[in-house]
Amino acid sequence: MMATTDSARRRHRFASTVLCAVLAAAAATAQAASPDETRLLTALRKAHPGTEFTEVSRTEVSGLYEVWMNGNVAYVASANPRYFVFGRLFDTQAMRDVTSPRIAQRSSQDGRAQTEAVSAAPVPVDQLPLADAIKTVRGNGQRKLAVFSDPNCVYCKQLEPELAGLDNVTIYTFLVPFQGEARPVAIWCAADRERAWRQWMLQADASLMQPGAQCDHPIARNLELARRLRVQGTPTMIWADGSRTDGYVGRSVLEARFAEVGKVAVAQPQPVKAEKRP
């Protein structure tokens, strides 16, 4: 009886080993990059050495490729990889968002995201490493807001005029290199980084930047901070109470959020100071 059981167990282990090998081979074949994907990935890395390109894969659209860089996805035409399209690929016939499932899949497969200590609780502005941000103060500066922004991000450039119209605010801008670190570093290393940031985002004027500068900058730390806070894209705004707003919003929405956060702060009980006795 024992011999029969041992023999069955050996056969089962052998079958399991064979099955695992077959599945592994199939997965490797499915994930292997085609020659054209490899060529495009190589060309992109050569053209943009400051950007971490990790994967290129063919889409359902002929000649269009999905490109992953620093956790962000873009679409590039193989015939002219000079231009990047950021946004969602949508199948109008099937009424299907092609991009969202890919983002979800990448998030679940990202080993670093599973092993890193990720902050689940809201982090108020005052608890962020504010020395690593560009500080902009207007008026009395009482209302505080942190913004994760990328100088290469189209939606960030749309948001900036809305932020510029706010008064009595202190805005901390964390530069993140989702689309390459060369421009964030050039802005941070400028003699007046706040002005260099403002001129680039509002006027597309790069004259104050310091390209190729070797100053001590926080760009890598900002990227790590964004990952810990699960900042998936730019712009992302973090309010004084730790709540956040993702993506572009207009000035009326910004003012409404400041009002909401202000009401919560007023409603919270203030700590009682100990009475001083002589």
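Residues numbered from 1 in each chain as written. Predicted model: local features only at pLDDT ≥ 70, side-chain atom pairs only at ≥ 80, totals over all residues. Heavy atoms only, no water.

**Q** Mind showing me how you'd approach the environment of Leu 223 here?
**A** Here Leu 223 lies in helix α8 (residues 219-228). The spatial distance from the C-alpha of Leu 223 to the C-alpha of Pro 177 is 6.7 Å, given a sequence separation of 46 residues. If near-sequence neighbours (up to four positions away) are discounted, Leu 223 is found in contact with Val 176, Pro 177 and Phe 178. (Helix = DSSP H or I, 4+ residues; strand = E, 2+ residues; numbered from the N terminus. Contact = heavy atoms within 4.5 Å.)

**Q** What's the story with helix α2 (residues 35-47) in this structure? I'm lost.
**A** Since there are 3.6 residues in each turn of an α-helix, residues three or four apart along the chain are aligned in direction. Between the first and last C-alpha of α2 there are 18 Å, a value that for 13 residues agrees with the 18 Å anticipated at 1.5 Å per step. Restricting attention to buried positions, one finds in α2 the residues Glu 37, Leu 40, Leu 41 and Leu 44. In a view along the axis of α2, the buried residues occupy a sector of 100°, so they form one face of it. More than 90 degrees from the buried face of α2, the exposed residues found are Pro 35, Arg 39, Thr 42 and Lys 46. For α2, the secondary structure elements touched by its buried residues are β1 (53-58), β2 (64-69) and β4 (84-85). (Expected span 1.5 Å × (residues − 1). Buried < 20%, exposed > 50% of the residue type's maximum accessible area, 1.4 Å probe, protein only. Arc of directions from axis to C-beta.)

**Q** Just to check I follow, could you spell out a nonpolar patch on the surface for this structure?
**A** On the surface, Val 154, Tyr 155 and Tyr 248 cluster together into a nonpolar patch covering about 300 Å² of accessible area. With respect to the secondary-structure elements, Val 154 resides in helix α5 (residues 154-164). (Patch = residues over 30% accessible without salt bridge, like charges linked within 9 Å, V, L, I, M, F, W, Y side chains within 5 Å. Areas by Shrake-Rupley, 256 points an atom, 1.4 Å probe, with all protein chains shown as cover. Salt bridge = Lys/Arg side-chain N within 4 Å of Asp/Glu carboxyl O.)

**Q** Whenever I open this one, the state of the cysteines confuses me. Can you help?
**A** In a disulfide, the sulfur atoms of two cysteines are covalently bonded to one another. All chains considered together, the criterion is met by one disulfide. Across the disulfide, Cys 189 is cross-linked to Cys 215 (sulfur-sulfur distance 1.8 Å). Residues Cys 189 and Cys 215 share a disulfide whose torsion about the S-S bond is about -80°; that sign makes it left-handed. Placement of Cys 189 in the loop between α6 (182-188) and α7 (193-203) and of Cys 215 in the loop between α7 and α8 is noted, with a sequence separation of 26 residues between them. Judged by its relative accessible area of 13%, Cys 189 is buried. (Disulfide = S-S within 2.5 Å.)

**Q** So what exactly am I meant to see when it comes to the sheet that holds strand β7 (residues 134-138) here?
**A** Reading across from one edge, β7-β9-β8-β10-β11 is the order of the five strands in this open sheet, with mixed pairing throughout. Two strands in the sheet have a free side with no partner beyond their single neighbour: β7 and β11 (244-246). Each strand of the sheet is rotated relative to its neighbour by a mean of 20°, with strand direction disregarded. Here α7 sits on the sheet in contact with β7, β8 (143-149) and β9 (169-175), set at roughly 80° to β7. (Pairing = 2+ DSSP bridges. Axes fitted to C-alpha atoms, helices over the stretch in contact; angles between N-to-C directions.)

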